[in-house]
Amino acid sequence: MDKRFECIVVGTGGFGSSCLYHLATRGVKVLGLDRFPAGHDQGSSHGDTRIIRQAYFEHPDYVPLLRRAYHQWRELEAWSGRELMKICGLFLAGPPEGEAVSGTRLAAKAHDLEVHDVSSADLARGGERRFPGFRMPDGFDVVVEPAGGYLQVEDCVRTHIELACKAGAEHQSGATIIGWESDGRTVRVKTESDEYEAASLILTPGAWANHLLNDIPGMPTLRVLRKTMHWHQVRSSVYDVENAGQGFLFEMPYGAFYGFPSLDASTLKLAEHSGGEVVTDPLQVDRSLRTSDTKPISRFLNEVMPDVDPQTDRHSVCMYTVTPDGHFIVDRHPEYDNVFFGAGFSGHGFKFTSVLGEALAALAIDGSTELPIDFLGLSRFQS
Ligand SMILES: Cc1cc2nc3c(=O)[nH]c(=O)nc-3n(C[C@H](O)[C@H](O)[C@H](O)COP(=O)(O)OP(=O)(O)OC[C@H]3O[C@@H](n4cnc5c(N)ncnc54)[C@H](O)[C@@H]3O)c2cc1C
């Protein structure tokens, strides 16, 4: 195998697979390297589904990127002939002054997005019937986003890699990167058994960011958190995606919980967005199910979703990689013009992989991107 490339992508999970696709489809001779196979369950991009939505409560600046992300997901579906994104609607429920409800309203207003407001007074007057299978807590408002839905996470990663390889990319799994260096013109990437050269490098190492990116000047330490996803049996057809079941997020006093409609008419997946234990070595994360994982989920189900069995049927462990401000870091290396990185996707990044892969590829090829990613730059941590 030729060991010299125009670009190397290290870590081909959610973000790296998209970088590989955008580089290859723009004609770049590119190599993608990963320790694990495409669509694996050892990092942050597994567990069947990821929420996608546009009225972004985390910050309205993400909305233009999301518009492009939706476009890119549809394009990937068209190129691959696979359904990857399902728009089934999504609602966010919480106190009116809480981040989820107030932030969604703010983003929708700022960017003229369609959302439907349901106040606690509307719910008390019988509006709760619009959400069969949910018992709305007193005083909660609900914001419904019809453009919300979910992505089939492993299929998205595999599709990016497959189409990248069809366009000429090389992809190697079973390759553990032990180091890289750059002289500003050429990068050298070392795996346990090989060494490769390229004109540019993109690093997207997910939960391993502290290991591969900690030498970058100004890079904050990222918090890696252990997160569990839970599948539960449903006792009613009201949650079925084929029966108008929607995605949901609840901002409860004891944590934020989100979930998906039932895709198979017998189980649905849900998880707690808040909390999580700090992980020091992502390869050693505890993948067993603990009582401390199930307790808050059962409490939420008992209080809010009476037609779902509170007992976890199956589970999976995943990791968030969180920045100090909860926003992503996508930038060029401050010392090397030919090294770029994306990290700290803080538990809400997957929906952006289609567009931020495009942005990182443009940085590596053109030296700049027209996509509005400046607010994700590293320099914000210096002020
Ligand atoms: C439980 C859970 C639920 C989530 N829900 C949502 C959601 O609903 N919506 C949403 O938008 N986002 C969500 N997210 C966040 C989203 O999934 C992540 O932000 C995204 O998947 C991160 O992608 P990544 O490419 O950074 O990491 P990964 O996909 O984990 O990719 C990193 C890759 O780098 C490789 N790697 C690292 N170091 C090395 C090395 N030294 N050598 C070789 N390979 C290496 C790893 O093997 C891995 O394949 C959720 C995350 C979790 C954990």
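First things first, this report covers the structure right here in the doc. (Residues numbered from 1 in each chain as written. Predicted model: local features only at pLDDT ≥ 70, side-chain atom pairs only at ≥ 80, totals over all residues. Heavy atoms only, no water.)

### A word on the site of the ligand
Contacts to the ligand come from 32 residues, most closely from D34, H40, S45, I51 and C318. Interatomic distance of 2.9 Å between a backbone N/O atom of F15 and an oxygen atom of the ligand. Here the residues of the shell around the ligand are counted per class, giving 15 nonpolar, 13 polar and four charged. Counting contributing residues, the shell around the ligand receives three or more from each of domain 1 (4-46 + 154-218 + 325-382) and domain 3 (223-322). (Near = heavy atom within 4 Å. Polar contact = N/O pair within 3.5 Å; in protein donor to acceptor, adjacent residues only side chain to side chain. Nonpolar A, V, L, I, M, F, W, Y, C, P; charged D, E, K, R; others polar. Domains from an automatic or database assignment.)

### Comments concerning the layout of surface pockets
Quantified by volume, the second largest pocket comes out at close to 380 Å³. If you list the elements that add at least two residues to the lining of the second largest pocket, you get α3 (99-111), β13 (223-233), β14 (247-252), β15 (255-259) and β18 (314-322). Per element, the largest residue contribution to the lining of the second largest pocket is three residues, and it comes from β14. Across the lining of the second largest pocket, the residue classes tally to eight nonpolar, eight polar and five charged. Mapping the lining of the second largest pocket onto the domain boundaries places at least three of its residues in each of domain 1 (4-46 + 154-218 + 325-382) and domain 3 (223-322). (1 Å grid on protein atoms, 1.4 Å probe; cavity = no way out; pocket = protein on both sides within 12 Å on 5 of 7 lines; lining within 4 Å. Points joined across faces, edges and corners; volume = space filled by probe spheres on them. Helix = DSSP H or I, 4+ residues; strand = E, 2+ residues; numbered from the N terminus.)

### Details of the side chain of S354
Within the element layout of this structure, S354 appears in helix α8 (residues 353-366). Here S354 falls in the buried class, since its relative accessible area comes to 1%. Of the polar contacts made by the side chain of S354, one reaches the side chain of W73; its length is 3.2 Å. With sequence-adjacent residues up to four places away left out, S354 is seen in contact with S18, H22, A69, Q72, W73 and H160. (Buried < 20%, exposed > 50% of the residue type's maximum accessible area, 1.4 Å probe, protein only. Contact = heavy atoms within 4.5 Å.)

### Quick look at the environment of W79
By secondary structure assignment, the location of W79 is in helix α2 (residues 63-80). A residue is classified by how much of its surface remains accessible, and W79, at 62% relative accessible area, is exposed. Residues W79 and V143, 64 residues apart in the sequence, show an inter-C-alpha distance of 33 Å.

Taken by themselves, the reported measurements are silent on function.
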